[in-house]
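Listed here are the chains, written in short residue letters.
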Amino acid sequence: MAAEVLARRMQHMQALILNRPHALNALNLNMIGIMEPKLRVYEGSDVTKTILLTAVEGSRAFCAGGDIKALLNVKTSKPEDVATAVKFMQHEYQLNHLIGTLSKPFIAVLNGITMGGGAGLSVHAPFRIATEKTIFSMPETAIGLFPDVGGSFFLPRLDGELGTFLGLTGHRLFGQEVWMAGIATHFVPSDRLPMLLDRLANLDTSDLDVVDSAINEFVADSPTVEGWSNWSLGKVAESINRCFSHRTIEAIISSLENEGTVWSSETLQTLKKMSPTSLKVTLEQLRRGRQEDFATCFRMEYRMVQESLQSKDFLEGVTAALVEKRVPMWNPDWAHMNELTPSDVEARFFTRREKLTGNLSLIVPRLEFANDRSYFEYPHKTLSGLPTDRDVLGMLKKFGGNSERVMEFFDRNWGAYATGLVGKENRSSRLPATSFLGDGSGRSRPGLTEKVLSILARNRDVKL
């Protein structure tokens, strides 16, 4: 029987290939156990210059999520079964953290369905390549869970309230949309992937600038300014920001009802299929994650998942969606969601336990990582990503509303890896909280000009 993760050397690049196509490459503990030690070896190898993660040829999915059905034994409430379920999450989060803190360039090719656990294998990497076959979603609230695998960190750092919208609704993004949303760093047509991988394999360097430039040789043309304004979520960006900026689910629902558009009506219908408990927990998670460093977000999620895996809604959601194929019956349901108060959410999911007892007595009490690196903002954001609306509006305020100076600033200053953002987790209070926007190379990148101009156009009347 073939290994569930294949390891292949491609000249100077080491490739890990997900090999469970019959299960849409759903992540299991065995796959994690193969990848994590290999990544440690590759990071310390002088021979390996770059690391690639992709799916076996012919797969419909990069990774469609974690193998959630395997966790249903938690319903016995036996400490050993609960420990087994939590152990999967523990090792998954440790792998996600490692990917996000590797010193070697890590390239994830999302050439297919990428959901849940698949996001955790990719979104924290400096290079994330989407193709026209990519379908991205964080669908956890539909099964009584929350967008974990570091969702606490990456979702709040997308444009405006886009991450809140994606985390609560499980909305699907397709192809180039995955790049435009900021989840992928590059959009490459799938027929160019063989040439791209050959190019990367020939790079005898771990220089992130060189890797980024090599990938940019194969990207598709960027949309125009109008295209950035009118893509599926770009044209409702103001509505997303307006409706999803609130501190409670009840306020978000009320805002959507007042919006009175086709989009808001469809979004309401979607939200009301989700677990009310999951929605409340997720909103609190994302608001907290916006203020936390990378490592702390995973520790927070590890605390949250201990409760979530034993909750009635998780067992009901997974059974309904993946086993019995029916509509779930949430507890509390939508008619009684007010019974779950903010203090209840905090006590159950976010309050630190002094001692693990009962069902949790056998789990590892603290999430430990392969290294002590952390940051409050992705250090590769200003190298391989595009500015967010917060970045652009911050510069607009700095330059007194002068759009030309803002565009000139990004043209001249974007494009550097921000080494100074990375530090030790136990000294996170000393880490910079925001990106250094003025240290770039002045080398433009696909989509930079068009995205910045579209944000400026959308915010002409913003009071600074």
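Parameters at a glance
Residues numbered from 1 in each chain as written. Predicted model: local features only at pLDDT ≥ 70, side-chain atom pairs only at ≥ 80, totals over all residues. Heavy atoms only, no water. Helix = DSSP H or I, 4+ residues; strand = E, 2+ residues; numbered from the N terminus. Buried < 20%, exposed > 50% of the residue type's maximum accessible area, 1.4 Å probe, protein only. Polar contact = N/O pair within 3.5 Å; in protein donor to acceptor, adjacent residues only side chain to side chain. Contact = heavy atoms within 4.5 Å. Core = buried A, V, L, I, M, F, W, Y, C linked by side-chain atoms within 4.5 Å. Phe/Tyr/Trp six-rings, centres within 6.5 Å; stacked < 30°, edge-to-face > 60°. Lys NZ or Arg CZ within 6 Å of the ring centre and 35° of its normal. 1 Å grid on protein atoms, 1.4 Å probe; cavity = no way out; pocket = protein on both sides within 12 Å on 5 of 7 lines; lining within 4 Å. Points joined across faces, edges and corners; volume = space filled by probe spheres on them. Pairing = 2+ DSSP bridges. Axes fitted to C-alpha atoms, helices over the stretch in contact; angles between N-to-C directions. Parallel < 35°, antiparallel > 145°, perpendicular 65-115°, else oblique. Left-handed = near helix turned anticlockwise from the far one by under 90°. Nonpolar A, V, L, I, M, F, W, Y, C, P; charged D, E, K, R; others polar. Right-handed = clockwise from strand over helix to strand, strands pointing away.

Enquirer: I keep staring at the side chain of T131 and nothing clicks. Help me out?
Expert: Checked against the element boundaries, T131 lands in the loop between β7 (127-130) and β8 (135-137). Given the relative accessible area of 0%, T131 is considered buried. Of note is the side chain of T131, whose polar atom sits 3.0 Å from the backbone nitrogen of K133. Excluding residues that lie within four positions of it along the chain, T131 makes contacts with L110, N111, G175, F187, V188, S190 and L193.

Enquirer: Looking at this structure, I do not really get the nonpolar core. What am I missing?
Expert: Where a protein is soluble and globular, its nonpolar side chains tend to be buried together. Counting residues in each nonpolar core, the largest one holds 117 residues, and the members touching the most others are M35, L39, L121 and F244. In terms of residue count, helix α2 (residues 79-101) provides more of this core than any other element does, 10 residues in total. Contact partners of M35, with chain neighbours within four places excluded, come to V5, L16, L18, L27, L53, L95 and L121. Counting residues in each nonpolar core, the second largest holds 23 residues, with L6, V109, V188 and L383 among its members.

Enquirer: Explanation requested: the packing of aromatic side chains in the structure shown.
Expert: Applying the stated criterion across every chain yields a total of 16 aromatic pairs. For the cation-ring pair, R157 lies above F153, with the distance from its terminal atom to the ring centre recorded as 3.7 Å.

Enquirer: Explanation requested: the environment of G175 in the structure shown.
Expert: With respect to the element layout, G175 can be found in the loop between β9 (173-174) and α6 (176-180). Sequence separation between G175 and G112 is 63 residues; the distance between their C-alpha atoms is 8.9 Å. Setting aside residues up to four positions removed in sequence, G175 forms contacts with A130, T131, E132, T134 and F187.

Enquirer: Would you mind showing me how to read the layout of surface pockets here?
Expert: Here the idea is plain: a probe the size of a water molecule rolls over the atoms and shows the empty space left. Each pocket or cavity is described by its volume, and for the largest pocket that value is around 940 Å³. Listed by contribution, the elements that provide at least two residues to the lining of the largest pocket are α2, β6 (113-115), β8 and α15 (312-323). A total of 3 residues in the lining of the largest pocket trace back to one element, the largest contributor, which is α2.

Enquirer: Hey, could you run me through the pairing of strand β1 (residues 5-10) in this one?
Expert: Strand direction decides the pairing type here: β1 and strand β2 (residues 13-18), joined by 6 bridges, are antiparallel. Pairing of L6 across the sheet is with I17, part of β2. Adjacent in sequence and paired antiparallel, β1 and β2 are bridged by 2 residues, among which Q11 carries a positive phi angle near 55°.

Enquirer: Would you explain the packing of helix α13 (residues 276-289) against helix α14 (residues 294-308) in this entry?
Expert: How two helices pack is summed up by the angle between their axes together with the distance between the axes. Relative to each other, α13 and α14 sit at 160°, their axes nearing to 11 Å. As far as their axial angle goes, α14 and α13 are roughly antiparallel. The hand of the α13/α14 crossing is right-handed. Counted together, V281, Q285, R288 and G289 of α13 and C297, M300, E301 and M304 of α14 form the full contact between these two elements. Residues that form the contact of α13 with α14 fall into these classes: 4 nonpolar, 2 polar and 2 charged.

Enquirer: Looking at this structure, how should I read the environment of L421?
Expert: On the secondary structure map, L421 appears in the loop between α19 (403-413) and β12 (423-424). Classification of L421 as buried rests on a relative accessible area of 0%. If we ignore the near neighbours within four places in the chain, the residues touching L421 are S374, Y375, E377, Y378, P379, L431, P432, T434, S435 and F436.

Enquirer: It is not clear to me how the pairing of β2 should be interpreted in this structure. Could you clarify?
Expert: Each regular strand displays side chains that alternate between the two surfaces of the sheet. Of all 6 residues making up β2, 6 are buried, and the element is well covered by its neighbours. Of the two faces of β2, the one holding M13, A15 and I17 and the one holding Q14, L16 and L18 are both buried throughout. The sheet contact formed by β2 and strand β3 (residues 50-55) spans 6 bridges and is parallel. By the bridge assignment for β3, L18 is matched with A55. As for the winding sense of the linkage, the β-α-β connection from β2 through helix α1 (residues 29-43) to β3 is right-handed.

Enquirer: Could you clarify how one ought to interpret unusual backbone geometry in this entry?
Expert: Note: most peptide bonds trans; most residues except glycine with negative phi. Between N331 and P332 the backbone carries a cis peptide bond, its omega angle lying at 0°. When you line up the elements, P332 lands in the loop between α15 and α16 (342-350). Notably, N25 is not glycine yet its phi reads approximately 55°, a positive angle. Along the chain, N25 turns up in the loop between β2 and α1. At K325, a residue that is not glycine, the phi angle is positive and equals roughly 55°. With a relative accessible area of 62%, K325 lands in the exposed category.

Enquirer: Is there a simple way to think about the sheet that holds β6 in this case?
Expert: One key point about sheets: their strands pair by backbone hydrogen bonds, in either a parallel or an antiparallel sense. In space, the 4 strands of this open sheet follow the order β4-β6-β8-β9, with mixed pairing throughout. Each edge of the open sheet is held by one strand with a lone partner, namely β4 (61-63) and β9. The pairing of β4 with β6 spans 2 bridges and is parallel. Each bridged residue has a counterpart across the sheet, and for A61 the counterpart in β6 is I113.

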